[in-house]
Amino acid sequence: MPASELERIHPVESQLDHVQAAALPLTALTAYQAIVDTAKVRAGQRVLIHAAAGGVGHVAVQIAKARGAYVIGTASAANHEFLRGIGADEVLDYRATDFAEAVRDIDMVLDPIDSEHALRSLRTLRPGGIVILIRPTTTDLLHAEAERLRVRAVSLLVEADHQGMNAIRELAESGALRPTIAGAFPLADAAKAHALGDTGRTVGKLVLTVD
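Computed from a predicted structure; not experimentally measured. (Residues numbered from 1 in each chain as written. Predicted model: local features only at pLDDT ≥ 70, side-chain atom pairs only at ≥ 80, totals over all residues. Heavy atoms only, no water.)

**Student:** Help me understand the overall build of the protein, please; the structure alone is not making it clear to me.
**Tutor:** Helix and strand counts for the protein stand at 10 helices and eight strands. Relative to all contacts within the protein whose residues are 6 or more apart in sequence, the contacts with residues 24 or more apart total 56%. Carbon and sulfur atoms make up 51% of the accessible area of the protein, which amounts to about 10900 Å² in all. (Helix = DSSP H or I, 4+ residues; strand = E, 2+ residues; numbered from the N terminus. Contact = heavy atoms within 4.5 Å. Areas by Shrake-Rupley, 256 points an atom, 1.4 Å probe, with all protein chains shown as cover.)

**Student:** Mind showing me how you'd approach helix α9 (residues 162-174) here?
**Tutor:** Residue pairs three or four apart in sequence face the same way in an α-helix, which turns once every 3.6 residues. An ideal rise of 1.5 Å per residue puts 18 Å on 13 residues; α9 measures up with 19 Å between its terminal C-alpha atoms. Regarding α9, the residues found buried are G164, M165, A167, I168, L171 and A172. Angular distribution of buried residues about the axis of α9 spans 155 degrees; they occupy a single face of the element. The exposed set on the far side of α9, more than 90 degrees from its buried face, consists of Q163 and S174. Residues of α9 that are buried make contact with α3 (25-38) and α4 (55-66). Two to three positions downstream of the cap, the backbone nitrogen of Q163 sits 3.2 Å from a side-chain oxygen, assigning the N-cap of α9 to D161. G175 lies just past α9 and shows a positive phi near 90 degrees. (Expected span 1.5 Å × (residues − 1). Buried < 20%, exposed > 50% of the residue type's maximum accessible area, 1.4 Å probe, protein only. Arc of directions from axis to C-beta. Polar contact = N/O pair within 3.5 Å; in protein donor to acceptor, adjacent residues only side chain to side chain.)

**Student:** Can you walk me through the pairing of strand β2 (residues 70-75) in this structure?
**Tutor:** Moving residue by residue along a regular strand, the side chains alternate between the two faces of the sheet. Within β2, five of the six residues are buried, which leaves the element mostly enclosed by the surrounding structure. As paired elements, strand β1 (residues 46-49) and β2 share four bridges and run parallel to each other. Its bridge partner being in β2, L48 is matched across the sheet by I72. For the handedness criterion, the β-α-β arrangement of β1, α4 and β2 is classed as right-handed. In this sheet, strand β3 (residues 90-93) lies alongside β2 in parallel orientation, the contact comprising four bridges. (Pairing = 2+ DSSP bridges. Right-handed = clockwise from strand over helix to strand, strands pointing away.)

**Student:** I'm lost on the side chain of D107 in this one. Help?
**Tutor:** Inspection of the secondary structure assignment puts D107 in strand β4 (residues 106-111). A relative accessible area of 15% places D107 in the buried class.

**Student:** Looking at this structure, I do not really get unusual backbone geometry. What am I missing?
**Tutor:** Located in the positive-phi region is A51, a residue other than glycine, with phi close to 50 degrees. Of note, A51 is situated in the loop between β1 and α4. For D105, which is not a glycine, the phi torsion comes out positive at approximately 60 degrees. Among the structural elements, D105 can be located in the loop between α6 (99-102) and β4.

**Student:** What is the right way to look at the sheet that holds strand β6 (residues 152-155) in this model?
**Tutor:** The strands making up a sheet associate through backbone hydrogen bonding, with each pair oriented either parallel or antiparallel. Judged by pairing direction, the sheet is parallel, and its six strands sit side by side in the order β3-β2-β1-β4-β5-β6 without closing on themselves. Strand pairing shows two members of the sheet lacking a second neighbour, β3 and β6, which therefore form its edges. Across this sheet, the average inter-strand angle for adjacent strands is 15 degrees, counted without regard to direction. Across the sheet, helix α8 (residues 140-149) lies against β5 (125-133) and β6, angled at about 155 degrees from β6, the strand it touches most. (Axes fitted to C-alpha atoms, helices over the stretch in contact; angles between N-to-C directions.)

**Student:** Help me understand the pairing of β6 in this model?
**Tutor:** Sheet topology note: the β5/β6 ladder contains four bridges and is parallel. Opposite I132, over in β6, you have V154 as the bridge partner. Regarding the hand of the β-α-β motif, the stretch spanning β5, α8 and β6 is right-handed.

**Student:** Sorry, what's going on with the nonpolar core here?
**Tutor:** One recurring pattern in soluble globular proteins: nonpolar side chains tend to sit buried together. In terms of nonpolar packing, the biggest core is built from 40 residues, with L83, M108, L110 and I132 touching the most fellow members. When contributions to this core are tallied by element, the ones reaching two or more residues are α3, β1, α4, β2, β4, β5 and α9. In terms of residue count, α3 provides more of this core than any other element does, seven residues in total. (Core = buried A, V, L, I, M, F, W, Y, C linked by side-chain atoms within 4.5 Å.)

Listed below in structure tokens is the structure:
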């Protein structure tokens, strides 16, 4: 096997089963590259994570907490207890509260929703803060408004990263990172899993299993 392919293989941490292990790479690497590599979050900084109970969101909460950040998550009220259980310091019900009015002095926002939502998130940042959008979408207006407000807006596309995966493995080994499985579906039911994911109401990560 070529060395470039070997770099994509990582040992499964013994405390994770194979379904949990399968849930980690894409979601955790996306969150890690946003929080650690791009925003360089430090202890004491304030991080706002949208859709915090979702696949990327719930992993991002744990990674940000492992960095020593104060973490605010947006989610429906039904998921607030879950988020507090994985380390969120503060939770907002996006159905009842306008986060753009309720939250201030944020150092980093992780937004998996869309550029319009990220545009509203710019208002929560302190000078020099950053919004990281992880959903491919048009961002010209977002970047222009960020420049006007003297903050940053970045559109992130996750990349293969051996060093990042090693860091994620270490977080899992230490107990600081545990994926929650929203559901495991056989490959034949991939369409059902996709439809469930499209609802935006899952808690944790959906996984496809292969016999």
